[in-house]
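Summary of structural features
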Amino acid sequence: MHINTENPGMDVERLLFTEEQIAKRVAELGAQLTKDYAGKRPVVVCILRGASFFFVDLCRQMKLDVEIDFIDVSSYGSGTQSSGVIRMVKDLDTDIEGRDVLLVEDIVDSGLTLKHLRQLLGTRSPASIRVCCLLNKQAAHPVELNCEYNGFEIGNEFVVGYGLDYAEHYRNLPYIGVLKPEVYAD
Ligand code: PRP
């Protein structure tokens, strides 16, 4: 691992989405959600930790009375590939029976994390469960695992920034970019 801890932005090979592009898309998603949840009080759930930056920005764009909660599941360890093994680290505190639940995710890759969460939370009798994801690697998973709300579709690249990490680095870059492969080379 070769991480430029002095200047992490130097490890980004290519910028994918600027701060401005992200803010514009988040505002659009927020406006759509405001319409779709009008008259309801959804429980908006941040899937820790990657979604945290997106989650707070999105909640601020939802002009509704929302309740927030946090859930933490882990699938990746410190590598760049999904392990397919999902571990519950922190469950919701809210009773979601009869509630409209909106899961907020930073990236959907294999789709396994969301498949697992939809199944698990579905057993608690919510009124509805929908998912809003910022980045979607649509080619990496079957269409039936897709989300109701999508920010951007991306290719099969390893991306960091705006909450997304590699080995717990780069989360606070304000933009989203593709990491230089030499950073995670042996
Ligand atoms: C990442 C990401 C998603 C999941 C997507 O989480 O935030 O939750 O992997 O991958 P999948 O579609 O293949 O399941 P990670 O476990 O790395 O935790 P983090 O959010 O704390 O970085």
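In what follows, the structure referred to is the one given above.
This section reports on the structure supplied with the text.

What counts as what
- Residues numbered from 1 in each chain as written.
- Predicted model: local features only at pLDDT ≥ 70, side-chain atom pairs only at ≥ 80, totals over all residues.
- Heavy atoms only, no water.
- Salt bridge = Lys/Arg side-chain N within 4 Å of Asp/Glu carboxyl O.
- Pairing = 2+ DSSP bridges.
- Helix = DSSP H or I, 4+ residues; strand = E, 2+ residues; numbered from the N terminus.
- Near = heavy atom within 4 Å.
- Polar contact = N/O pair within 3.5 Å; in protein donor to acceptor, adjacent residues only side chain to side chain.
- Areas by Shrake-Rupley, 256 points an atom, 1.4 Å probe, with all protein chains shown as cover.
- Nonpolar A, V, L, I, M, F, W, Y, C, P; charged D, E, K, R; others polar.

**Digging into the pattern of salt bridges**
All chains considered together, the criterion is met by 15 salt bridges. Linked through salt bridges whose partners overlap, the residues forming this network are Arg41, Asp65, Glu67 and Arg99.

**What to know about the sheet that holds strand E1 (residues 12-17)**
Taken in spatial order, the 3 strands of this open sheet run E1-E9-E8, and their pairing is antiparallel. At either end of the open sheet lies a strand with only one pairing partner, and these are E1 and strand E8 (159-160). Two elements, E8 and strand E9 (residues 176-179), share 2 bridges in a ladder whose sense is antiparallel. Within E9, the position partnered with valine 160 by the bridge is glycine 177.

**With respect to the site of the ligand**
In the vicinity of the ligand, 18 residues are found, and the nearest of them are Glu105, Asp106, Ser110, Gly111 and Thr113. Note that an oxygen atom of the ligand is positioned 2.5 Å from one of the side-chain N or O atoms of serine 110. Between the ligand and glycine 111, the relevant distance is 2.8 Å, taken from an oxygen atom to a main-chain nitrogen or oxygen of the residue. Protein contact buries 93% of the 500 Å² of open area that the ligand shows by itself. Secondary structure elements with two or more residues in the shell around the ligand: strand E5 (100-108) and helix H3 (112-122). Here the shell around the ligand takes 4 residues from E5, the largest share from any one element. A class-by-class count of the residues in the shell around the ligand yields 5 nonpolar, 7 polar and 6 charged.

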